[in-house]
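As a plain string of letters, each chain reads:
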Amino acid sequence: MKAYQSILASQKKLPIEKRLGFLVEDFLLMTHKIARSVKITALNTLDSMCEKYPEFSKKSANAIIKDVSKTLKDTDYQAIQLTLKILSNLSPSASDAVLEELLAAMFGLCKSVVIDAVVDEAVPIIKNIASHRKGKMTPEAISETLSNSCTEKNIRSVATITARVVTLKDEETPRMLEFYVKTISSDANPLKQKLAYMIIGNIGIKKDLQKFTAINELIDKQLLSASEEMKINVAICLGNLAVGNKDYYLPKIMDKLKGEKKLGYLMLVALREVAVLDNEGIFKCAKDLLPILKLQANTDDDGNRAIIAEIIGKLLTIDAAPIVKEVTANLKDKAANVRATYALSYKYWYGKGKQDLTYFREAFPQLLELLKDENVKVQAAVLETLIHIAHLNPINLRAYAVKIFAEAIPLTVFKKNLVKIVNLGPLDHRIDEGEAVREGAYILLDNMLEELNDKMELPMLADRLTYGLADESDEVQATSQQILAKLCRLRPVSYTHLTLPTNREV
């Protein structure tokens with residue numbers, strides 16, 4: 001906004017500093033307005049004024065910082081980002097007393113759940129304050145203060161900020177790593193221990209920690225002896241370290257995955273961290289990794305299979321050409337758990353961003369064939385993948401919509417033979433193994449209805465709804481109601497006759 005320049009020009013009789021002072025006061029008042037547009041405009045204008053008149057900004061830094069830092073309590077991320085940009089430019093010119101207040105405000109910001117863009121803006125400010133007051137504020141002191149603002153919700157953000165701030169100089173890194181090892185070993189507070197693991201991991205993403213034997217020994221020990229909840233954080237830390245040194249840590253993780261069954265899930269968690277943070281790095285190990293993942297996929301543990309599917313999907317998004325034949329071949333594996341895992345990997349292969357779908361389209365028909373699989377786990381995995389695609393972009397299912405509809409409709413049927421009675425002492429427990437498939441089938445049909453209803457036999461769908469509305473699954477009932485509402489909007493007169501059946505069987 002350039003309006004302030006015309007105001008400055010209209011009051012030439014006053015000294016420039018006075019004119020700027022009046023304007024800054026006005027804009028600072030506007031930053032506290034409820035109206036978002038006014039607040040954002042005022043912050044943008046203050047930012048441009050500080051850049052255009054640096055000498056004035058330096059002299060007024062204390063006043064501007066004290067006032068504008070109140071916006072850090074705002075819930076609008078754009079307002080917070082603009083505020084942080086202003087503070088980043090002005091903090092080197094502020095007095096110690098104002099920096100003390102600003103630091104408190106920055107620590108307050110860390111208590112909220114912050115996004116990466118906010119973290120990127122916050123780190124330089126805390127660094128500036130730390131370097132300006134380096135005699136009074138050690139990295140340990142900063143770390144301790146930030147850890148006091150840590151909660152379960154913001155732990156990742158606090159860890160990221162802390163790791164970046166406390167490693168201002170390379171020579172400080174070994175001392176800080178020892179500090180966090182000591183925290184893990186001696187602090188009884190589980191949250192601080194989790195945070196310490198995450199900080200070590202964040203440091204390890206940027207720096208090679210292979211030579212820090214105390215950390216590597218601690219991780220090996222804690223993977224076996226820590227509480228189950230803490231082991232997850234240890235595994236995440238190990239995965240982060242592997243990003244910093246793939247040649248050392250990835251073979252170590254794969255060896256543990258192959259050889260130590262009780263560490264299977266934890267090593268998969270570590271591999272997922274590498275796949276998410278450095279998918280090209282993990283792809284270099286794809287030839288050795290895929291056979292191990294296939295072996296691990298033959299498990300009844302849904303959590304393990306989901307992580308394996310995610311890792312395979314990430315590998316496919318990098319470069320499907322070398323591995324797509326192996327993946328599609330595993331869709332026909334004798335083991336149902338393996339088929340289910342590889343079917344689910346298509347979900348992670350089909351991402352949100354722009355990507356080359358050539359190989360995906362070629363491999364898609366093999367996935368659809370598994371809708372006729374006799375195993376409910378496999379059917380559920382295929383349905384979960386199709387729901388994901390239909391939710392992101394149902395148009396990509398148009399060429400197969402008729403086939404999908406024909407295969408999905410039979411999966412909505414309640415099947416008595418899938419209901420098991422398990423004897424638990426004096427009580428019998430009823431397990432409906434087909435429930436997940438019915439729920440998935442109805443959700444898929446619901447997601448297809450908006451964009452692909454011309455490819456669906458709506459009277460047949462309406463007939464199935466009479467059973468869905470009476471299904472014992474709350475999810476099936478709720479989805480059936482949503483489908484019915486959409487059908488009524490599409491053809492208001494056609495579906496008012498629907499009645500509930502007296503039983504759930506076709």
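Residues numbered from 1 in each chain as written. Predicted model: local features only at pLDDT ≥ 70, side-chain atom pairs only at ≥ 80, totals over all residues. Heavy atoms only, no water.

**Brief notes about the overall build of the protein**
Here is step 1: Along its length, the protein carries 27 helices and two strands.
Here is step 2: Relative to its full complement of 506 residues, the protein shows a buried share of 50%.
Here is step 3: Taking all contacts inside the protein whose residues are at least 6 apart in sequence as the whole, residues at least 24 apart take part in 69%.
Here is step 4: In the structure as shown, the protein presents an accessible area of about 24,600 Å², 52% of it carried by carbon and sulfur atoms. (Helix = DSSP H or I, 4+ residues; strand = E, 2+ residues; numbered from the N terminus. Buried < 20%, exposed > 50% of the residue type's maximum accessible area, 1.4 Å probe, protein only. Contact = heavy atoms within 4.5 Å. Areas by Shrake-Rupley, 256 points an atom, 1.4 Å probe, with all protein chains shown as cover.)

**Overview of helix H3 (residues 36-52)**
Here is step 1: With 17 residues, H3 extends 24 Å between its outermost C-alpha atoms, agreeing within 8% with the 24 Å of an ideal straight helix rising 1.5 Å per residue.
Here is step 2: Residues Lys39, Ile40, Ala42, Leu43, Thr45, Leu46, Asp47, Ser48, Met49 and Cys50 constitute the buried set of H3. (Expected span 1.5 Å × (residues − 1).)

**Things to note about the packing of aromatic side chains**
Here is step 1: One pass over the full model with this rule turns up eight aromatic pairs.
Here is step 2: Geometrically, the ring pair formed by Tyr346 and Trp349 is edge-to-face, given 5.4 Å between the ring centres and 65° between the ring planes. Here the residue Tyr346 and the residue Trp349 both occupy positions in helix H21 (residues 336-349), the gap between them amounting to three residues, near one helical turn. For the pair Tyr346 and Trp349, one class covers both residues: buried.
Here is step 3: Site record: aromatic cluster; members linked through ring pairs are Tyr346, Trp349, Tyr350, Phe360, Phe364 and Tyr400. (Phe/Tyr/Trp six-rings, centres within 6.5 Å; stacked < 30°, edge-to-face > 60°.)

**Comments concerning the side chain of Glu273**
Here is step 1: Note that Glu273 resides in helix H16 (residues 264-277).
Here is step 2: On the basis of relative accessibility, which here comes to 12%, the residue Glu273 falls in the buried class.
Here is step 3: Within the local environment of Glu273, its side chain forms a polar contact with the side chain of Asn240, the two groups lying 3.2 Å apart.
Here is step 4: Aside from chain neighbours lying at most four places away, what touches Glu273 is Arg156, Ile236, Gly239 and Asn240. (Polar contact = N/O pair within 3.5 Å; in protein donor to acceptor, adjacent residues only side chain to side chain.)

**Details of a nonpolar patch on the surface**
Here is step 1: Nonpolar side chains collect at one region of the surface, where Val422, Leu424 and Ile431 lie side by side and expose about 220 Å² of accessible area between them.
Here is step 2: Among the structural elements, Val422 can be located in strand E1 (residues 419-424). (Patch = residues over 30% accessible without salt bridge, like charges linked within 9 Å, V, L, I, M, F, W, Y side chains within 5 Å. Salt bridge = Lys/Arg side-chain N within 4 Å of Asp/Glu carboxyl O.)

**Some remarks on the pattern of salt bridges**
Here is step 1: Tallied over the entire structure, the rule returns 25 salt bridges.
Here is step 2: Among the salt bridges present, the one from Glu369 reaches Lys372, with a minimum N-O distance of 3.3 Å.
Here is step 3: Its relative accessible area of 39% is what places Glu369 among the partly exposed residues.
Here is step 4: Several salt bridges share partner residues, and in doing so they unite Glu369, Lys372, Lys403 and Glu407 into one network.

**Some words on the packing of H3 against helix H6 (residues 77-90)**
Here is step 1: One way to put it is that H3 packs onto H6 with a least axis distance of 10 Å and a crossing angle of 20°. Taken together, H3 and H6 sit at an angle that is classed as roughly parallel. The element H3 and its partner H6 pack so that their crossing is left-handed. Here Arg36, Lys39, Ile40, Leu43, Asn44, Leu46, Asp47, Cys50 and Glu51 of H3 come into contact with H6, specifically with Gln78, Ala79, Leu82, Thr83, Lys85, Ile86, Asn89 and Leu90.
Here is step 2: Here the residues of the contact of H3 with H6 are counted per class, giving eight nonpolar, four polar and five charged. (Axes fitted to C-alpha atoms, helices over the stretch in contact; angles between N-to-C directions. Parallel < 35°, antiparallel > 145°, perpendicular 65-115°, else oblique. Left-handed = near helix turned anticlockwise from the far one by under 90°. Nonpolar A, V, L, I, M, F, W, Y, C, P; charged D, E, K, R; others polar.)

**Quick look at the environment of Ser143**
Here is step 1: Tracing the backbone through its elements, the reader meets Ser143 in helix H9 (residues 139-148).
Here is step 2: Between the C-alpha atoms of Ser143 and Thr162, which are 19 residues apart in sequence, the distance is 6.0 Å.
Here is step 3: When residues no more than four places from it in sequence are discounted, the contact partners of Ser143 are Thr162, Val166, Met176, Phe179 and Tyr180.
Here is step 4: Only 2.7 Å separates the side chain of Ser143 from the side chain of Tyr180, close enough to count as a polar contact.

**Concerning the nonpolar core**
Here is step 1: Ranked by size, the top nonpolar core spans 155 residues in total, and within it Met106, Ile200, Leu386, Leu444 and Leu461 carry the most contacts.
Here is step 2: Counting residues per element, this core draws most heavily on helix H23 (residues 376-392), which supplies nine residues.
Here is step 3: Setting aside anything within four residues of it in sequence, one finds Met106 in contact with Leu72, Leu84, Ala122, Ile125 and Ile126. (Core = buried A, V, L, I, M, F, W, Y, C linked by side-chain atoms within 4.5 Å.)

**Let's talk about the packing of helix H22 (residues 358-369) against H23**
Here is step 1: Relative to each other, H22 and H23 sit at 140°, their axes nearing to 11 Å. Between H22 and H23, the angle falls in the class oblique. Note on packing geometry: the crossing formed by H22 with H23 is left-handed. Note on element contacts: H23 touches H22 through Val382, Thr385, Leu386 and Ile389, opposite Phe360, Phe364, Leu367 and Leu368.
Here is step 2: Here the contact of H22 with H23 is built from residues that sort into seven nonpolar, one polar and no charged.

**Quick word on the side chain of Asp432**
Here is step 1: Within the element layout of this structure, Asp432 appears in strand E2 (residues 427-432).
Here is step 2: The exposure class assigned to Asp432 is buried, which follows from its relative accessible area of 10%.
Here is step 3: Only 2.9 Å separates the side chain of Asp432 from the side chain of Arg438, close enough to count as a polar contact.
Here is step 4: Once residues lying within four places of it in the same chain are set aside, the contact partners of Asp432 are Phe414, Leu418, Val419, Arg438 and Glu472.

**So, the pairing of E2**
Here is step 1: One ladder, built from six bridges, connects E1 with E2; its direction is antiparallel. Across the sheet, residue Leu424 finds its bridge partner in E2, namely Leu427.
Here is step 2: Linking E1 to E2, which pair antiparallel, is a turn of two residues; within it Gly425 sits at a positive phi near 65°. (Pairing = 2+ DSSP bridges.)

**A look at H9**
Here is step 1: Within H9, burial applies to Pro139, Glu140, Ile142, Ser143, Leu146 and Ser147. Buried residues of H9, seen end-on, are gathered within an arc of 160° and therefore sit on one face of the element. (Arc of directions from axis to C-beta.)

**Describing the confidence of the model for the protein**
Here is step 1: Residues at a pLDDT of 70 or more form 86% of the protein, whose mean pLDDT is 83.
Here is step 2: The low-confidence segment residues 502-506 (pLDDT under 50) makes 13 contacts with residues lying over four places distant or belonging to another chain. (pLDDT = per-residue confidence, 0-100.)

**Some words on the environment of Leu469**
Here is step 1: Looking at the element boundaries, Leu469 is found in the loop between helix H26 (458-468) and helix H27 (474-490).
Here is step 2: On the basis of relative accessibility, which here comes to 17%, the residue Leu469 falls in the buried class.
Here is step 3: A sequence separation of 12 residues divides Leu469 from Gln481, and the C-alpha atoms of the two residues are 6.8 Å apart.

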